[in-house]
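# Descriptive structure summary
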Amino acid sequence: MDQIAQKFETLQAILAELQRVVVAFSGGVDSTFLLKAALDVLGRDNVLAITADSETYPAREREEAVQLAAELGAVHEVIHTSELDIPGYAENPVNRCYFCKQELFSHLIPIANARGFSHVVFGAIADDLGEHRPGLQAARERGVRAPLLEAGLKKAEIRHLSRQMGLRTWDKPSFACLSSRIPYGERITLEKLSIIEQAEAFLMQLGFRQVRVRQHDKLARIEVAPDKLMDVVAVAETITAKLKEIGYAYVSLDLQGYRSGSLNEVLPVQQVRGA
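Residues numbered from 1 in each chain as written. Predicted model: local features only at pLDDT ≥ 70, side-chain atom pairs only at ≥ 80, totals over all residues. Heavy atoms only, no water.

The chain goes by TIGR00268 family protein in an unreviewed UniProt entry, where it is assigned to Alicyclobacillus cellulosilyticus.

Rendered as structure tokens:
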């Protein structure tokens, strides 16, 4: 048995032990794989998928989460949360994700308890241990489990297994909440989140799948896959006109291309590892 298969067996054993779970379901690569695995191991009646809809969660992602849950045959509910109402969140500290996950789990845990589910689980993975992920601390404090991480599964392995299982999310671009586009210390507002969502939606319409629009005051810093940089240049005039119409004064292209958590690059290494 190869290493990936062993990790998958470990995941199945963990899920079997948990018995009845509420899955924090965003519709991304990891949470979709986790939901599918939970359904296969525990059965439909023992799994509840919940999607938290908020200002930081694009409408296109919510709609896809609803579609994916239906395709998987999962019992699925959408609840509404508001990160901007959380004290300390809008100020955008470096541990912003801690507040976000605390808010999410404060909704999911009471639902699980009231309906007889033994655990809340979410889609953290092994790769997250080497990155700035304050949300992991919130999960530990609230007793929320991360079966994919516990099984040692990494993103590439989850994509591989997802493809084997026939999940259309196997090659879905990575996603993070819209607040991750705003530099730490710069206040998060509904207007900024709306502008970012519009800008990214437009770039996706142009065919750019893995894309981020990082907002630096009135400047939009576009990140796309490195092999797509020249494709952006080819339609630079169109992109610039649209993003200025949306509300940006300046539009730039990051020559390093897309990389997860690029705004963490300004943080001290000790702070990232410690978190």
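### Regarding the pairing of strand β6 (residues 219-224)
Taking burial as the measure, the six residues of β6 include five buried ones, the bulk of the element. Hairpin connection, strand β5 (residues 211-216) to β6: the antiparallel pair is bridged by two residues, and Asp217 has positive phi, about 55°. Sheet topology places β6 next to strand β7 (residues 250-253); four bridges connect them, and they run parallel. Along β7, the bridge assignment pairs Arg221 with Ser252. (Buried < 20%, exposed > 50% of the residue type's maximum accessible area, 1.4 Å probe, protein only. Helix = DSSP H or I, 4+ residues; strand = E, 2+ residues; numbered from the N terminus. Pairing = 2+ DSSP bridges.)

### Some remarks on the nonpolar core
Leu11, Val21, Phe33, Leu35, Val47, Leu148 and Leu153 are the most contacted members of the largest nonpolar core, which totals 31 residues. Of all the elements in the fold, those that place two or more residues in this core are α1 (3-18), β1 (21-24), α2 (29-42), β2 (47-53), α3 (59-72) and α7 (155-164). At eight residues, the largest contribution of residues to this core is made by α2. Leaving out residues up to four positions away in the same chain, Phe33 has contacts with Phe8, Leu11, Leu148, Leu153, Ile158, Leu161, Ser162, Met165 and Leu167. Counting residues in each nonpolar core, the second largest holds 24 residues, with Cys100, Ala199, Val211 and Ile246 among its members. (Core = buried A, V, L, I, M, F, W, Y, C linked by side-chain atoms within 4.5 Å. Contact = heavy atoms within 4.5 Å.)

### A look at the sheet that holds β2
Strand order in the open sheet formed by four strands is β3-β2-β1-β4, and the pairing between neighbours is parallel. Only two strands of the sheet have a single neighbouring strand rather than two, namely β3 (75-80) and β4 (119-121). Sheet twist, expressed as the average angle between the axes of neighbouring strands with direction ignored, equals 25°. Relative to β3, β2 runs parallel, the two sharing six bridges. Counterpart to Thr51 in the pairing with β3 is Val78. Here α3 sits on the sheet and contacts β2 and β3; the angle it forms with β3, its principal contact strand, is near 160°. (Axes fitted to C-alpha atoms, helices over the stretch in contact; angles between N-to-C directions.)

### Section: unusual backbone geometry
Look at Asn92: it is not a glycine, yet its phi comes out positive at around 65°. Relative to the helices and strands, Asn92 resides in the loop between β3 and α4 (96-115). Classification of Asn92 by relative accessible area gives buried; the value is 0%. Residues other than glycine seldom take positive phi values, yet Asp217 does so here, at roughly 55°. Mapped onto the secondary structure, Asp217 falls in the loop between β5 and β6.

### Some words on the side chain of Gln210
Mapped onto the elements, Gln210 comes out in the loop between α8 (190-205) and β5. Judged by relative accessible area, Gln210 falls into the buried class, the value being 15%. For Gln210, the residues in contact, after removing those within four places along its chain, are Pro173, Ser174, Glu223, Val224, Ala225 and Tyr258.

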